[in-house]
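For reference, the chains in residue letters:
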Amino acid sequence: MAPTLQQGRNPLRPPLLNRQGRLGGRSGFRKRTVLRAAAVVMATSIAVSALSSCDLPVDAPWASPSCHAAPCLITHVVFIIKENHSFDNLFGTFPGADGSRYALEGDRRVPMSTTPPFFKIDLFHVQDAAVRATNHGKMNEFYSQPYAFQNGRDIADSEFAPSEIPDYWAYAKHFTLADHFFSTILATSFPNHLVTVAGQAFHVIGDPNHLPAKTWSWGCDASHVDYALYWNNGRTGLEHPCFNRPTLADEANAAHISWRYYAAPFGDIGYIWSTLDAFRQVRYSSQWRQNVLPDTNFPADVAAGRLAPITWLTPPFAASDHPSTDMCEGENWTVRMINAVMRSKFWQSTAIVLTWDDYGGFYDHVPPPHVSAYMLGPRVPGIVISPYSRAGAVVHTQYDFRSVVTFIEHEFQLPHRMQFDRNVGNLDGMLNFKQEPLAPLLLKPLNCRLGESPGVPGY
C-alpha cells in the first residue's frame, strides 16, 4: 500500500501584464500608469465576474475566483459515512445495477435470503475474515465466517428487500448510484474511516485492540494500551492510533476553506467514527472545539446558514445502520440530515456523497480490484445526491473512498499535502452540470417498529 505523492497544483489566476513592452520617457510613464490602472480594473472585473458566476453564498469568506468549473456550481460537499453493508446487501436487486440474487457458498450457488431487521450478533469481518471471505476473488466464503448463520438463518448471504429500506432506494432512483464503489481497505471500520479524511490508512488494517466503554475512542482519546494492527510490505506491527499526518482538513486550512466534522459526541459508541480524533494537529488544537461538532448540531447549523464548504457527517451508533441496530432508525437519521440541506439555500450548490464504510460481513459477488494484500475491499453502495446528479443513472465507474477525497481536492483547488495515490475515479462522472437542476426530494420519517435494543458491535 505504498502511497504515491502528487504535489502541487495550478490554480487559475488573472493574467499578469507583460513587462517586455515597456515604454520610455515621461509620455511612456503616463501611458504605463494608464495601462496598469486599466489592467487592475480589468483583473478586478474578471474576479468579480467569476465570483458572480459561481453564485457563492454571501457568508463564504473562503470564496475564490479560482473555481473548478465555469460556472462554479458545486461549492459545498457533504460526505455522509454510514456503517457496514455491502452493495449486494442493500442494492443487489436494483434495476440496471450490477447486483446479484445469488451467492456462492464454496462450489454451490444459492439464492440470497432476505436480511432480517434485527439479529443479535454482528457478522465477523475483521481483516483476516475479509481475506478469507473474498478468497482471492472467488467471493465464495462469506457463509463460512463466524456468526454468518444465526438462529438457523444465513445472514451473511442475504440482502434487504426494497420495502425494508425504501428511503435509500428512493435516493438511488432519483439521484445517481455507483455500483462499482469499493471500500478502500480490505478490513473493518477504522482504516477505511482514515481514508475518508486522509486519502490513505497509513498501512493500518484493523481496529484498535482495546475499546473501553468509558471513552469509545479509536483515536488520541484512546487508552495508552490501545494499538491498531498495521501491515507494510509483508511486515506487521502495532501502532498507537494517534497520528501526526496531513489530512483533508489541513489542506483546507492551507487554502482558507472552511470545514466541519459532525459526529457522535464523547460517550456515544459512535464516537469511534469521529475520525479526526486520530490526528494530533486537530485533536489538540482549537479546531477540535470549533470544527468537530455533535451530529445533532448539523440541521440547525444548516438552517442558520452555517454549512461549511467541506463537511463530514457520521452518525451516533443507534442510527448508524450497523448490524444490531435498526435500519429504519438509521434511514430516518440520514433523511433528517439530507432534508436539512434540501430545505436550505445551500441545496442548489451542494453535492452530498452517501456511502457505507465497509462490507460488514455481508456477501458481494464482485471481486475487489487487487492493489495490495489489503486493497481494495468489497463493494459498498455510493450515492451522489445533488441538483446535478445524473437522475436515475447507475454509474459503473470504479470508485473508492479516495475518489471522494480527490473530488473535494479538485472542487476546491486544494494543495496536495496528503500522500496517497490519486489515480482513482473522480466523482465528476456522477454529475451533469449541463442539465436542468434537480428539485429536492424531501422524504418523511418512517414509522419504525419497536425492536430489540442494539448490542455492542464487532465493528
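Residues numbered from 1 in each chain as written. Predicted model: local features only at pLDDT ≥ 70, side-chain atom pairs only at ≥ 80, totals over all residues. Heavy atoms only, no water.

Here we come to the side chain of Asn291. Relative to the helices and strands, Asn291 is located in helix 8 (residues 286–291). Looking at Asn291, its side chain comes within polar contact range of the main-chain oxygen of Trp259, at 3.5 Å. Leave out the neighbours within four places in its chain, and Asn291 touches Trp259, Arg260 and Tyr261. (Helix = DSSP H or I, 4+ residues; strand = E, 2+ residues; numbered from the N terminus. Polar contact = N/O pair within 3.5 Å; in protein donor to acceptor, adjacent residues only side chain to side chain. Contact = heavy atoms within 4.5 Å.)

Okay, the state of the cysteines next. The full count for this structure, using the stated rule, is two disulfides. Sulfur-sulfur distance for the disulfide between Cys220 and Cys242 comes to 1.9 Å. In this structure the cystine formed by Cys220 and Cys242 twists about its S-S bond by roughly 90°; its chirality is therefore right-handed. Of this pair, Cys220 sits in the loop between helix 5 (189–198) and strand 10 (228–232) while Cys242 is found in the loop between strand 11 (235–239) and helix 6 (248–254), placing the two residues 22 residues apart along the sequence. Summarising the burial analysis for this pair, Cys220 and Cys242 share the class buried. (Disulfide = S-S within 2.5 Å. Buried < 20%, exposed > 50% of the residue type's maximum accessible area, 1.4 Å probe, protein only.)

This next bit is on the nonpolar core. Core analysis: the largest hydrophobic core is formed by 106 residues, its most contacted members being Phe91, Tyr171, Trp259, Phe298, Ile310 and Trp312. Counting residues per element, this core draws most heavily on helix 10 (residues 327–342), at eight residues. Setting aside residues up to four positions removed in sequence, Trp312 forms contacts with Phe79, Ile81, Thr196, Val197, Leu248, Ala249, Trp259, Arg260, Tyr261 and Tyr262. (Core = buried A, V, L, I, M, F, W, Y, C linked by side-chain atoms within 4.5 Å.)

An order of 13-12-14-1-15-16-8-17 is seen for the eight strands of this open sheet, with the pairing classed as mixed. The open sheet has two edge strands with one neighbour each: strand 13 (292–294) and strand 17 (393–395). Direction aside, the axes of adjacent strands within the sheet are offset by 20° on average. Of the strand pairs in this sheet, strand 8 (residues 176–178) and strand 16 (residues 382–385) are connected by three bridges, and their pairing is antiparallel. Its bridge partner being in strand 16, Thr176 is matched across the sheet by Val384. Packing against the sheet, helix 4 (residues 166–174) makes contact with strand 1 (76–82), strand 8, strand 15 (350–356) and strand 16, and its axis sits at approximately 65° to strand 16. Each of strand 1, strand 12 (259–263) and strand 14 (310–313) is contacted by helix 5, which is oriented at about 175° to strand 1, the strand it contacts most. (Pairing = 2+ DSSP bridges. Axes fitted to C-alpha atoms, helices over the stretch in contact; angles between N-to-C directions.)

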